[in-house]
Amino acid sequence: MDTFVIGVDLGGSHAACGCVDLDGNISCMCETEIDRENSADKVINENLIPLIEECKNKAKDKNIVGIGIGIPGRTDSKNGICVFAPNLNWHDVDVKTPIEKACKLPVFILNDARAMATGEKYFGNGKGIDNFVCIAIGTGIGGGIVAGGKLILGADEAAGEIGHITVEPNGPVCGCGNRGCVEALASRLGIVKRAEEAIDSGVETVLKKENLTSKDIFDAAKQGDKLSLKIWEDTGIYLGRFIANLATTVNPQRILFSGRVSGASELFLPSLKKELKERARMVPVEKIEFMKAKFEDDAGIVGNAGRAFECLGYLK
Ligand SMILES: [Zn+2]
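Computed from a predicted model, the values in this text were never measured in an experiment. (Residues numbered from 1 in each chain as written. Predicted model: local features only at pLDDT ≥ 70, side-chain atom pairs only at ≥ 80, totals over all residues. Heavy atoms only, no water.)

Below, the discussion takes up the environment of G175. Its place among the elements puts G175 in the loop between β11 (150–151) and α4 (182–186). When the C-alpha positions of G175 and I255 are compared, they lie 25 Å apart, and in sequence the two are 80 residues distant. (Helix = DSSP H or I, 4+ residues; strand = E, 2+ residues; numbered from the N terminus.)

Written out as structure tokens, the structure reads:
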């Protein structure tokens, strides 16, 4: 009989789960809304447990051996505790104990961006690659580092908070409180903010400030709008400095991009590669392969399933 685990993707407003086999194929998908105003207890008991039970019911004929849950925040994965998840307003929440008790399966938790890297490692574009970094560029910038074939968690499971690497010491204040984090400059919000500031300063452009999105800036750049082209060029410079630091630390063979901003890579990769070469002199950065991650919307489900399989000894 084939072996399956349930992978759970928990976000600030929505959770999804599915049965995943040892090749990373998903079946029996289920989804639910999450109200972040509710207590952690309520979310676990009234949203997560029923969601997992629904998936188990759909997969009655399957041999399910565990559950992997992604947490949008810091984790203590050994003890199954969410240390801090700002989008859910969770502090020191025991996720493992109540779900194991109710669902009668071993539960493993992991930070969501690290789970994404785990999914790529076992089932995606990191398969067979011992050294790579996954970079998710969305409203923020998150990631996961695989070095020597292992996901790096660090002493406090904070390794991989790469969006908070400083790339501009006097840059804008980031959500974390520091100035000039790459997240504050090159995430979707950071890109839009830089464009808005340029519009305010009177630079000539077709962009309009109202409801401006990174997609608008992409479209305008494709039409030759000078400001938009400059915004993407600068995005590449910030990402280049950021990746120079990563490359110098872990010497990755591959960089995997995910998230909506990565769709604009044709506009930022040239300046990114130039800046990277300029800043990382001791690493043969011209060898780095830039690719898209294989999983996008399913990355959480597949990644947390991979983590559960790994913890249970099915995958190495
Ligand atoms: Zn920051």
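Here the focus is the coordination of the zinc ion. Only H164 (ND1), C174 (SG), C176 (SG) and C181 (SG) from the protein coordinate the zinc ion, and they sit 2.0 to 2.3 Å from it. For the zinc ion, the 4 donor atoms are set out with angles of 105 to 120° between them, so the coordination reads as tetrahedral. For C181, a relative accessible area of 0% translates into the label buried. (Donors = N, O, S within 2.8 Å, 3.2 Å for Na, K, Ca; no water. Tetrahedral: all angles 85-135°; square planar, octahedral: opposite > 155°, others 65-115°. Buried < 20%, exposed > 50% of the residue type's maximum accessible area, 1.4 Å probe, protein only.)

A word on the packing of aromatic side chains. In this structure the tally under the stated criterion is 5 aromatic pairs. Ring plane angle 25° and centroid distance 6.4 Å describe the contact between W232 and F268, whose orientation is recorded as stacked. A residue pair is termed long-range when its members are at least 10 positions apart, and W232 in helix α7 (residues 226–250) and F268 in helix α8 (residues 265–279) qualify at 36 residues. For the pair W232 and F268, one class covers both residues: buried. Plain terms: the ring middles of F257 and F268 are 5.9 Å apart, the flat faces sit at 80° to each other, and that makes the pair edge-to-face. Here F257 is found in strand β12 (residues 254–258), whereas its partner F268 is found in helix α8, with 11 residues between them in sequence. (Phe/Tyr/Trp six-rings, centres within 6.5 Å; stacked < 30°, edge-to-face > 60°.)

If you check the domain split of the chain, you get domain 1 (3–119 + 297–311) and domain 2 (129–292). On a C-alpha basis, the centroid separation for the pair domain 1 and domain 2 is 28 Å. With 13 residues of domain 1 at the contact, the number on the domain 2 side is 16 residues. When the buried area of domain 1 at its contact with domain 2 is split by residue, R114, M116 and A117 rank highest and sum to 56% of it. Linking domain 1 with domain 2 are 7 residue pairs in polar contact (both at pLDDT 80 or more), by the criterion used here. Breaking the side of domain 1 that touches domain 2 down by element, the ones donating at least two residues are β5 (74–76), β8 (107–111) and α3 (112–123). Top element by residues in the side of domain 1 that touches domain 2 is α3. It accounts for 5 residues. Across the side of domain 1 that touches domain 2, the residue classes break down as 4 nonpolar, 4 polar and 5 charged. (Domains from an automatic or database assignment. Contact = heavy atoms within 4.5 Å. Buried area = accessible area lost by both parts, 1.4 Å probe. Polar contact = N/O pair within 3.5 Å; in protein donor to acceptor, adjacent residues only side chain to side chain. Nonpolar A, V, L, I, M, F, W, Y, C, P; charged D, E, K, R; others polar.)

Mapping T235 onto the fold places it in helix α7. With sequence-adjacent residues up to four places away left out, T235 is seen in contact with A186, I191, R194 and F268.

Its place among the elements puts L212 in the loop between α5 (188–200) and α6 (214–222). Sequence separation between L212 and K193 is 19 residues; the distance between their C-alpha atoms is 9.1 Å. Once residues lying within four places of it in the same chain are set aside, the contact partners of L212 are V192, A195, E196, I199, L207 and I217.

On to α3, then. Here α3 spans 16 Å end to end across 12 residues, near enough to the 16 Å set by a 1.5 Å rise per residue. Counted residue by residue, α3 has 11 buried out of 12 residues, so it is predominantly covered. The set of residues buried in α3 consists of A113, R114, A115, M116, A117, T118, G119, E120, K121, Y122 and F123. Its side-chain oxygen 2.9 Å from the backbone nitrogen of A113, N111 forms the N-cap of α3. (Expected span 1.5 Å × (residues − 1).)

Looking now at the sheet that holds strand β9 (residues 132–137). The pairing of strands in a sheet happens through backbone hydrogen bonds and is either parallel or antiparallel. Within the open sheet, the 5 strands sit side by side as β11-β10-β9-β12-β13. Their pairing is mixed. Bordering the open sheet on either side are β11 and β13 (289–292), each of which pairs with just one other strand. Relative to β12, β9 is paired through 5 bridges, and the arrangement is parallel. Within β12, the residue paired with F132 across the bridge is R254. Lying over the sheet, α7 contacts β9, β10 (141–147), β12 and β13, oriented at roughly 155° with respect to β9. (Pairing = 2+ DSSP bridges. Axes fitted to C-alpha atoms, helices over the stretch in contact; angles between N-to-C directions.)

Turning our eyes to something else, we now look at the packing of α3 against helix α9 (residues 299–311). It is the contact of α3 with α9, at a shortest axis distance of 7 Å, that shows an interaxial angle of 75°. Put simply, α3 runs roughly perpendicular to α9. Residues A115, M116, T118, G119, K121, Y122 and F123 of α3 lie in contact with α9, whose contacting residues are A299, V302, G303, N304, G306, R307, F309 and E310. Partitioned by chemical class, the residues of the contact of α3 with α9 number 7 nonpolar, 5 polar and 3 charged. (Parallel < 35°, antiparallel > 145°, perpendicular 65-115°, else oblique.)

Our focus in this paragraph is unusual backbone geometry. Not every positive phi belongs to a glycine, and N89 is a case in point at roughly 60°. One can find N89 in the loop between β6 (81–85) and β7 (90–94). According to the relative accessible area criterion, N89 is exposed, its value standing at 52%. Its identity is not glycine, yet K104 carries a phi of approximately 55°, on the positive side. Checked against the element boundaries, K104 lands in the loop between α2 (96–103) and β8.

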